[in-house]
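Residue-level listing of the chains:
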Amino acid sequence: MKIWDKIAGYVGRWRGREKGASEVYESFLREQVVETVCDKVPTTMVFTLFIAAALSYFLWPVVDHTLILIWLSAITGTVAVRIYHAVQHCHYGASKNLEKRYRRFRYEVTVTVLLWAAAALFLYPEGHPLQELILALIIVGMAGGGTVNLAIDRNLSRTYVVLVMSALVIRFLLCGDAIHYILALLSLIYIATFIMSTDILGKILKKGIRQYRELGLLRQRLDQIAEQAPVGIFYFDRDYNVVDCNIALSRFLRIPRENILGSNLLQLKDRRPFANVRKVIEEKRVVHYEGPYVITANGSEIWVSTVFSPLMDYDGNVIGGIAVVQDKSSEHKAQQKAEFLAYHDGLTGLPNRKLLEDRFRLQIAQAAREGYYSAILFLDLDRFKHINDTYGHGIGDELLVITAKRLRTLLRQGDTVCRLGGDEFIIFLPMLSKDRTESLEHTFHICRKIHDAMSEPIEIEGKKLYITTSIGAVIVKGDSQPLDEILRKADIAMYNAKRKGQGNTSFYEEEMDKRLRRIIWLEHQLRHAIDRDQLRLEFQPIVEMERERIYGAEALLRWRLDDGTTVSPAEFIPVAEESKLIHQIGHWVIEEVCRHIRKWEEEGKLNFYYVSVNLSSKQFRHQNFFDEVMLLVKRYGIDPRMLKFEITESVLMEESEKAREIISGFNRVGIGFMIDDFGTGYSSLSYLKRFDFETIKIDRSFIRDILTDEDDVALVRAIVDIAKQFGYTIVAEGVETREQVEKLRQIEPSILCQGFFFSPPVPEEEFLKIVSE
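Numbering of residues starts from 1 in every chain and runs along the sequence as written. It should be noted that, the model being predicted, local features are given only for residues of pLDDT at least 70 and side-chain atom pairs only at 80 or more, the latter also being counted only at that level, while totals for whole chains, interfaces and linings use all residues. Side-chain calculation: all heavy atoms of the structure are included, whereas hydrogens and water are not.

Asker: Is there a simple way to explain the nonpolar core in this structure?
Answerer: For soluble globular proteins, nonpolar side chains are generally found buried alongside one another. Remark: nonpolar core denotes a set of buried residues (Ala, Val, Leu, Ile, Met, Phe, Trp, Tyr, Cys) joined through side-chain atoms within 4.5 Å. When a residue's accessible area, from a 1.4 Å probe over protein chains only, is under 20% of the maximum for its type it is buried; when over 50% it is exposed; and in between it is partly exposed. Among the nonpolar cores identified, the biggest contains 80 residues, and Ile590, Phe645 and Leu744 are the most heavily contacted of them. Tallying contributions element by element places helix H20 (residues 582-603) first for this core, with 9 residues. Contact partners of Phe645, with chain neighbours within four places excluded, come to Ile590, Val613, Leu615, Phe625, Val629, Phe666, Ile671, Gly672, Phe673 and Met674. Per the convention used, a helix needs a DSSP run of H or I reaching at least four residues, while a strand needs a run of E reaching at least two, with both numbered from the N terminus. In this description, contact between two residues means that some pair of their heavy atoms is separated by no more than 4.5 Å.

Pasting the structure below:
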């Protein structure tokens, strides 16, 4: 091992420790000395023994044989011991008992030095110039060689040269002549020179060790950064072979590090990231790549972002390249999801309105160029809110998902179905036909398929659900109309389909638009009708035929605009219900009736039994309806029995139990209920049994033909008989002729009559005149 490599290796084992340069030096010194013992001592000892033998040979003729033998034996024994220790220490490893072996080595060196010093003192062949020269040269050579070999241990090397050369200097001085004095002086200079050289060498070693220590710490930090970096890093040579890589690269590629090393970038199966990697070496350019990469080991695909950069030496020559690789799979998936959600509905996965607009713009332009008709369908699920409120939003969401799947299966590849929001879906059918009739037939056929598919029961969490859809359709030719306008027309057609009943399709017509504009205008005017004092009450008397007197009255709402024109209740009441103004208007009507009753009572004109008010279903089911009515009754101080409410059978069809509780609550305070238009519903008889009514009003459709249709006569008789069994009062609506009155009198004299024969609805003044007659 080279000394500098050994220094770097040792410094690496001291990484992260705060040790001074001198301590590092001393520790390194001991380890290097031990290495010297293991690697160099056997060779140097054999050489030493050879030199000692040669010296003995040259001195044998002129020096006492006994001294030579004693000295040579000592040298031989020392050499044998040192060789033995060196071999033994190498056998057990250089790290075992480092300090002990180092001290033993110093002792052994000291003994060797003393023996060579003894040779200079006791074996010096004074008076024999040739032998003196040989001895001096050998002593000087041994001192210099030992000093150089031990230069790594400055103290030991100085000891070596000082002891050996000092003995020679002493021997020169003992000779007492000028030549030997000069030789002694030269020897002292030699000693000083070697000591200075070893000092300089020691400083150089210390500086080198310190620099290598700092370099080792820097390399360690760089290694730590590379290994702990959250990105993959690898190096490649000029032949594009991977030289090294960090753990992060191995981890996200799921390939062992040893399998990555040595790979050639130009020979990998998926070369997309490395398509331009040659430019790194050949053109010294930085190359980027972001995209998919298939891992050869398992065939899985990840999304990577890679930067390739040239790696150059100090002279600016390209020696390879370095690459930083990031696993962008998670970010890519998140981006894809964001892009998908930007153009699709998160619940059903259908295109959203934005994507519909893009497809519509492209396909409608093509259809316009080629003269094709297209269609837009606006779908709304009937009674979806009821299902959502009854079973929860979880089942409601699943219902929407299943609906989306069913719609997908019914369409062509080029058609688009999107979820607009809530339970509303849009279907775009481009390029149906160049013939309008064929396009209408095809659109109607698709609508029929949708109705059939949606009529199939849907089972969710053990619950079997039945649902229908209302569809509004618009046939489009050309691209002059924006999508918003077409969707508006389709929405109008869809609501027209809902008015027909559940599960219907309606094609848009211009008349619908006019009707919608009329509804919007009426709603706007109706919001200010009360403030502008445009609402009025008219009263139609209810007559007791048997006594020919006024028995009661029905209050009817009238709306007269500022220009004098009137709006029919049949037109504005549905608008009030749709716009949620019915409660405000209905409250005004009840308050006006209470005020009139109080006024008539104070004026002494209240000589009949009640005034009835029609209620809409939304008004009837309002949360605080009962409390509001009772507050008005108390405010005006009227008898509750003077107030009656008329409701139709349709009001009772939904949540009948709640309706029964409301009616019973009003009955307890004296406010009775009347069934209006009786006989036109589906469950009239069951209502009579379950609800506490006071009066039944026979629908005018049975009265109209009572003179000519015996079936109507039979029905009226049956209703009268049933009402008498339950103790209900009977009112016949729509009585317009005396003959009808007489016919009703024949059927049942106690029947009350209401109709134009007696009086149409009239303002308060005229009504009071009729009452007072």
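On we go from here.
Asker: Can you help me understand the sheet that holds strand S4 (residues 301-312) in this one?
Answerer: Consider a sheet: its strands pair through backbone hydrogen bonds, and that pairing is either parallel or antiparallel. Two strands pair under a simple rule: DSSP has to find at least two bridges between them. Taken in spatial order, the 5 strands line up as S2-S1-S5-S4-S3 in an open sheet, and their pairing is antiparallel. The open sheet has two edge strands with one neighbour each: strand S2 (242-245) and strand S3 (287-294). Strand after strand, the sheet turns through a mean of 25° between neighbouring axes, direction not considered. Whenever a helix is involved, its axis is fitted only over the stretch in contact; in every case the axis is a line through C-alpha atoms, and angles between N-to-C directions fall within 0 to 180 degrees.

Asker: Looking at this structure, I do not really get the pairing of strand S5 (residues 318-327). What am I missing?
Answerer: Note on strand geometry: in a regular strand, side chains alternate between the two faces of the sheet. By the bridge criterion, 6 bridges tie strand S1 (residues 232-237) to S5 in an arrangement that is antiparallel. The residue of S5 that forms the bridge with Asp237 is Gly320. Here S4 runs beside S5; their pairing, made up of 9 bridges, is antiparallel. Of the residues in S5, the one forming a bridge with Val304 is Asp327. What sits between the antiparallel neighbours S4 and S5 is a turn of 5 residues, in which Gly316 has the positive phi angle 85°.

Asker: What exactly am I supposed to notice about the pattern of salt bridges here?
Answerer: When charged atoms on two side chains of opposite charge get close, those side chains can pair. When a carboxyl oxygen of Asp or Glu is within 4 Å of a side-chain nitrogen of Lys or Arg, the pair counts as a salt bridge. One pass over the structure, following the stated rule, counts 33 salt bridges. Between Asp244 and Arg257 there is a salt bridge, with the nearest N and O atoms lying 2.2 Å from each other. Separated by 13 residues along the polypeptide, Asp244 in strand S2 and Arg257 in helix H10 (residues 257-260) bring together distant segments of the chain. Judged by relative accessible area, which is 28%, Asp244 ranks as partly exposed. Arg257 sits in the partly exposed class, given a relative accessible area of 29%. For Asp380, the salt bridge identified is with Lys498, shortest N-O distance 2.8 Å. Within this pair, whereas Asp380 is found in strand S6 (residues 373-381), its partner Lys498 is found in helix H17 (residues 483-500), the two being separated by 118 residues in sequence. For Lys498, a relative accessible area of 28% puts it in the partly exposed group. Three or more residues joined by partner-sharing salt bridges are found here, namely Glu554, Glu646, Lys697 and Glu733.

Asker: Can you help me understand the packing of H17 against helix H18 (residues 510-526) in this one?
Answerer: Each pair of packed helices can be described by the angle between their axes along with the distance between the axes. Between H17 and H18, the least distance of the axes is 10 Å, while the angle of their chain directions is 85°. By the angle class used here, H17 and H18 are roughly perpendicular. Counted together, Arg488, Lys489, Ile492, Ala493, Asn496 and Arg499 of H17 and Met512, Asp513, Arg515, Leu516 and Arg517 of H18 form the full contact between these two elements. Basically, the charged four are Asp, Glu, Lys and Arg, the nonpolar ten are Ala, Val, Leu, Ile, Met, Phe, Trp, Tyr, Cys and Pro, and anything else, Gly included, counts as polar. Its residues placed into classes, the contact of H17 with H18 shows 4 nonpolar, 1 polar and 6 charged. Roughly parallel means an angle under 35 degrees; roughly antiparallel means over 145; roughly perpendicular covers 65 to 115; every other angle is labelled oblique.

Asker: Which parts of the structure should I look at to understand helix H29 (residues 764-772)?
Answerer: Given 3.6 residues to a turn, an α-helix orients residues that are three or four positions apart in the same direction. For H29, the set of buried residues is Glu764, Phe767, Leu768 and Val771. Down the axis of H29, the smallest arc covering the buried residues is 100°, so these residues share one side. Summarising the geometry of H29, the exposed residues directed more than 90 degrees from the buried face are Glu765 and Lys769. Residues of H29 that are buried make contact with strand S13 (535-544), strand S14 (549-560) and H20. Directions drawn from the helix axis to the C-beta atoms are what define this arc.

Asker: Help me out: how do you make sense of the environment of Ala54 in this one?
Answerer: Relative to the elements of secondary structure, Ala54 occurs in helix H3 (residues 41-59). Looking at Ala54, the relative accessible area reads 22%, which means it is partly exposed. Note: C-alpha distance between Ala54 and Ile134 (80 residues apart in sequence) is 10.0 Å.

Asker: Help me understand the layout of surface pockets, please; the structure alone is not making it clear to me.
Answerer: Once rolled over the atoms, a probe with the size of a water molecule shows which space is left empty. With a 1 Å grid laid over protein atoms only, a set of points is called a cavity when a 1.4 Å probe fits there but cannot get out and a pocket when it is open yet has protein on both sides within 12 Å along at least five of seven lines; lining residues have an atom within 4 Å of a point. Grid points are joined across faces, edges and corners, and a volume is the space filled by probe spheres set on the points. Each pocket or cavity is described by its volume, and for the largest pocket that value is around 2,400 Å³. Every residue lining the largest pocket is counted, 49 residues in all, and those nearest its centre are Tyr495, Lys498, Glu577, Glu578 and Lys618. The set of elements that each furnish at least two residues to the lining of the largest pocket consists of S6, helix H14 (384-391), H17, H18, helix H19 (569-578), H20, helix H21 (617-620) and helix H23 (649-653). Of all the elements, H18 adds the most residues to the lining of the largest pocket, at 8 residues. Split by residue class, the lining of the largest pocket holds 16 nonpolar, 10 polar and 23 charged. What the second largest pocket holds in volume is close to 870 Å³. If you go around the second largest pocket, you meet 31 residues; those closest to its centre are Glu554, Leu556, Pro569, Ile573 and Asn614. Of all the secondary structure elements, the ones that give two or more residues to the lining of the second largest pocket are S14, H19, H20, strand S16 (611-614) and strand S18 (672-678). Tallied by class, the residues present in the lining of the second largest pocket amount to 15 nonpolar, 8 polar and 8 charged.

Asker: Where do I start with the packing of aromatic side chains in this structure?
Answerer: The geometry of an aromatic ring pair comes down to the distance between the two centres and the angle between the two planes. By convention, a stacked pair of Phe, Tyr or Trp rings (six-membered ring in the case of Trp) has centres within 6.5 Å and planes under 30 degrees apart, an edge-to-face pair has planes over 60 apart, and any other such pair is tilted. This model, assessed by the stated rule, comprises 27 aromatic pairs. Between Trp71 and Trp116, the aromatic rings sit 5.3 Å apart at their centres with planes inclined by 75°, giving edge-to-face as the arrangement. Separated by 45 residues along the polypeptide, Trp71 in helix H4 (residues 65-92) and Trp116 in helix H5 (residues 98-122) bring together distant segments of the chain. Residue Trp116 is classed as buried on the basis of its relative accessible area, which comes to 0%. Between the aromatic rings of Phe274 and Phe308, the centroid separation amounts to 5.8 Å while the plane-to-plane angle is 65°, which identifies the pairing as edge-to-face. Taken together, the positions of Phe274 in the loop between H10 and helix H11 (278-282) and Phe308 in strand S4 put the pair 34 residues apart, joining distant regions of the chain. Feature note: the residues Phe234, Phe236, Tyr240, Phe274, Tyr293 and Phe308 constitute an aromatic cluster, connected by ring pairs.

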